[in-house]
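Residues per chain, in single letters:
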Amino acid sequence: MSMILIPHYSTPSICYSFPNKTLISSAQNRSTRATHNNDQNHQVSVLKFDRRNVLLGLGGLTLVNHPNLARAAESKKLVRLAEFPTALDSVISVMVPRPRRSRSKKEKEEEEEVLSIEGIEFVADKAVKFDVHVNDDEDDLSRPSESQFAGSLVFLPQSRKRVRTSLHLGITDLLEDLGADGESSIKVTLVPRYVQRPITIGRIKIDELGSKMSETPPALGESEAYAAAESTSKKVVEITEFPITLDSVISVTVPRPKKCRTKEEKEEEEEVLAIQGIEFVADELVKFDVHVNDDEDDLSRPDNSEFAGSFVYLPHRRKTVTTSLRLGITDLLDDLGADGDDSIKVTLVPKCVKRPVTIGKLKIEFLK
């Protein structure tokens, strides 16, 4: 699982300031190479997909109302899974089968049921936001504080490149709250809230991942809470020292299984920095930045190549969350001239950490 967001709006309002509920599970950033997009009624320049594309749940951002957006949120249609990929140009509802149902308590503790929205593709120079509802009435959509509201994808403007990414939402507890654990399928509704350019949704499916929200943890006293925002404390650690508490700026050298890959190999597989076992109590804002091959004494800005991405989780419920973050770094390493290096230096920078955050492990993966 992975991140969360927001509360406070009336449907289908587009002017949106972030509220307080949502389970945005693992946002998995993925980049590929772009070609002309002739499948839709628009032309897109030929550009490389960017590697770091999703910044989730930045609190306080207000998106301005736009008449085209309002029309998109008012238009509704029911589609079949076989019709994907599809354009998110209206409120879309689809029935998604569940591979397993009526699982035991132990099975639920071992594996989180995850709603995966994959192949989310758009040009990255405009803000993007859409909400995800489960078993909701598209004519009377629930507020973010209600169980039917599963999460949101939020993307802040970056550059005029095409982005391809995915969104993963943990829904085990959600289905229990809705009394839908025994159902063979769920209705998923995607609601465009801020979409100024065409967005394509590749596919929607149910996965099961081996990380799960635990039950309510023991209460923490005020003396145990602490803030590490804009921390000036720094340390270099070994990869063998993980799991580790993110209570300062942490740098670690991460080995790369492959280097000097060919252009064809890079097009087939994205090199991904996986930050796993991110664990914290979910009732406080959590944000940390990720830098690659950066100087921890003079960290780069988000528009520099060394800045790989951010993890943001807005307050939800007082439960312990275990989640992960994956950032595509193929283009980043090319930009830094580090494709031939045996390892990379990863720096984690806590920006808003009011309770202990544990990082389980860091590693390099390759995803097709």
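This text follows the structure it describes.
Since the model is a prediction, treat every value here as computed from it, not as a measurement.

### Re the sheet that holds strand β4 (residues 76-79)
One open sheet accounts for five strands, arranged β4-β6-β11-β8-β9; its pairing is mixed. Among the strands making up the open sheet, the edge pair consists of β4 and β9 (149-155). Strand after strand, the sheet turns through a mean of 20° between neighbouring axes, direction not considered.

### Topic: the pairing of strand β8 (residues 128-134)
Among the seven residues in β8, seven count as buried, and that is most of the element. Residues Val-128, Phe-130, Val-132 and Val-134 of β8 are buried on one face, and the alternating residues Lys-129, Asp-131 and His-133, pointing to the opposite face, are buried as well. Pairing geometry for β8 and strand β11 (residues 185-195), over seven bridges, is antiparallel. Within β11, the position partnered with Lys-129 by the bridge is Tyr-194. In the sheet, β8 pairs with β9 via six bridges, with the strands oriented antiparallel.

### Notes on the nonpolar core
One finds Ile-275, Ile-278, Val-290, Val-346, Leu-348, Ile-359 and Leu-362 to be the most contacted residues of the largest nonpolar core, which totals 35 residues. Within the residue set of this core, elements represented by two or more residues are β16 (249-255), β17 (270-281), β18 (286-292), β19 (307-313), β20 (320-328), α5 (330-336), β21 (343-353) and β23 (361-367). Non-local contacts of Leu-348, meaning those with residues more than four positions away in its chain, are made with Leu-246, Ser-248, Val-249, Ile-250, Ile-275, Phe-288, Asp-289, Val-290, Ile-359 and Leu-362. Residues Val-128, Phe-130, Leu-153 and Val-163 belong to the second largest nonpolar core, which totals 33 residues.

### A word on the environment of Glu-279
Tracing the sequence through the fold places Glu-279 in strand β17. Considered as a pair, Glu-279 and Pro-356 are 77 residues apart in the sequence and their alpha carbons are 8.4 Å apart. Look past the residues within four positions of Glu-279 in its chain and what remains in contact with it is Thr-320, Val-321, Thr-322, Pro-356, Val-357 and Thr-358.

Definitions and limits used
Residues numbered from 1 in each chain as written. Predicted model: local features only at pLDDT ≥ 70, side-chain atom pairs only at ≥ 80, totals over all residues. Heavy atoms only, no water. Pairing = 2+ DSSP bridges. Helix = DSSP H or I, 4+ residues; strand = E, 2+ residues; numbered from the N terminus. Axes fitted to C-alpha atoms, helices over the stretch in contact; angles between N-to-C directions. Buried < 20%, exposed > 50% of the residue type's maximum accessible area, 1.4 Å probe, protein only. Core = buried A, V, L, I, M, F, W, Y, C linked by side-chain atoms within 4.5 Å. Contact = heavy atoms within 4.5 Å.

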